Amino acid sequence: GDAPLAPGARGDPCMTIAVMVEKSAGKVGSRGDTFCVWKLSDLARGSTTIGLFLFGDAAMVSWKELPGTVFVIINPRLLPPKEGSERSERTLCVEKRDQLQRIGEASDFGVCRGIRQTGEKCGAWVNVGESEYCSYHAAAALRRLNQQAAGAKGRGGKGAARPAGGAAVGAAAG
């Protein structure tokens, strides 16, 4: 069979649309060049992020962009996995300003409203169309709700929390 080609390897334009969900501060590489790293997502539940390294003109003009911005990434270079790394995250690279086109803001992008044990805001990115809380804080809230419901049941209350039209959350099947 044919070996898979890197994006744009045949000279065909390769484009992807994604939301920038995280970004690093500017860094200086081993050759003295400035770069930054973004995390890109489609905001779908359970999706993994894709890393995007920005070098050259792309890094110089994009430093002020904020998480939640939607971009078209044109003819990015696919970087090989980092040597010795077990991570499977894909990583792309752009160097020219015209490889990165800002097309808008993601209306479903938000930041988790949960509070960490330190008292600080969580800050993890979320799809607010699905939840205002990251999976960790949503699960913690559900556990607290079920504990309160179990306590109320012991005092003559109605029992475990139930989603609309569904079985008791956390209840055993059967």
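Everything here concerns the structure above.
All values derive from a computational prediction rather than experimental measurement.

Reading guide: rules and limits
Residues numbered from 1 in each chain as written. Predicted model: local features only at pLDDT ≥ 70, side-chain atom pairs only at ≥ 80, totals over all residues. Heavy atoms only, no water. Helix = DSSP H or I, 4+ residues; strand = E, 2+ residues; numbered from the N terminus. Buried < 20%, exposed > 50% of the residue type's maximum accessible area, 1.4 Å probe, protein only. Contact = heavy atoms within 4.5 Å. Core = buried A, V, L, I, M, F, W, Y, C linked by side-chain atoms within 4.5 Å. Salt bridge = Lys/Arg side-chain N within 4 Å of Asp/Glu carboxyl O. Polar contact = N/O pair within 3.5 Å; in protein donor to acceptor, adjacent residues only side chain to side chain.

J.: It is not clear to me how the environment of valine 37 should be interpreted in this structure. Could you clarify?
T.: Mapped onto the elements of the fold, valine 37 is located in strand 3 (residues 34-41). Its relative accessible area of 18% is what places valine 37 among the buried residues. Along the primary structure valine 37 and glycine 26 are separated by 11 residues, whereas in three dimensions their C-alpha atoms are 8.1 Å apart. Ignoring sequence-local partners within four residues, the contact set of valine 37 consists of Glu22, Lys23, Ser24, Leu52 and Phe53.

J.: Any chance you could explain the nonpolar core here in plain terms?
T.: Soluble globular proteins: nonpolar side chains tend toward being buried together. If you look at the biggest cluster of nonpolar residues, it comprises 14 residues, and the most contacted ones within it are Trp38, Leu40, Leu52, Leu54, Ile73 and Leu100. Counting only elements with at least two residues in this core, the list comes to strand 1 (15-23), strand 3, strand 4 (50-54), helix 1 (56-62), strand 5 (69-74) and strand 7 (91-94). The dominant element in this core, judged by the number of residues it contributes, is strand 3, at three residues. Setting aside chain neighbours within four positions, we find leucine 54 in contact with Thr34, Phe35, Cys36, Trp38, Ala59, Ser62, Val94 and Leu100. Residues Val19, Val21, Leu43 and Val70 belong to the second largest nonpolar core, which totals six residues.

J.: Got a minute to help me understand the environment of leucine 100 in this structure?
T.: Considering the arrangement of structural elements, one finds leucine 100 in strand 8 (residues 100-105). Beyond its immediate stretch of four places on either side in the chain, leucine 100 contacts Trp38, Leu52, Leu54, Ser62, Phe71, Val72 and Ile73.

J.: Is there a simple way to think about the pattern of salt bridges in this case?
T.: When their charged atoms lie close together, side chains carrying opposite charge are able to pair. The final tally for this structure, using the stated rule, is five salt bridges. Here arginine 102 and glutamate 65 are joined by a salt bridge, their closest N and O atoms 3.1 Å apart. You can see arginine 102 sitting in strand 8 and its partner glutamate 65 sitting in the loop between helix 1 and strand 5, a full 37 residues away along the chain. Each member of the salt-bridge network shares a partner with another, and the members are Glu65, Arg102 and Glu105.

J.: What is the right way to read the environment of arginine 113 from this model?
T.: Within the secondary structure, arginine 113 is located in the loop between strand 9 (109-111) and strand 10 (125-127). When the C-alpha atoms of arginine 113 and alanine 138 are compared, they prove to be 9.9 Å apart, with 25 residues separating the residues in sequence. If sequence neighbours within four positions are ignored, arginine 113 has contacts with Glu132 and Tyr133. Of note is the side chain of arginine 113, whose polar atom sits 2.8 Å from the side chain of glutamate 132.

J.: What is the right way to look at the side chain of asparagine 127 in this model?
T.: Structurally, the position occupied by asparagine 127 is in strand 10. Within the structure, asparagine 127 has its side chain in polar contact with the backbone nitrogen of glycine 129 (distance 2.9 Å). Setting aside its immediate chain neighbours within four residues, asparagine 127 contacts Leu43 and Asp108.

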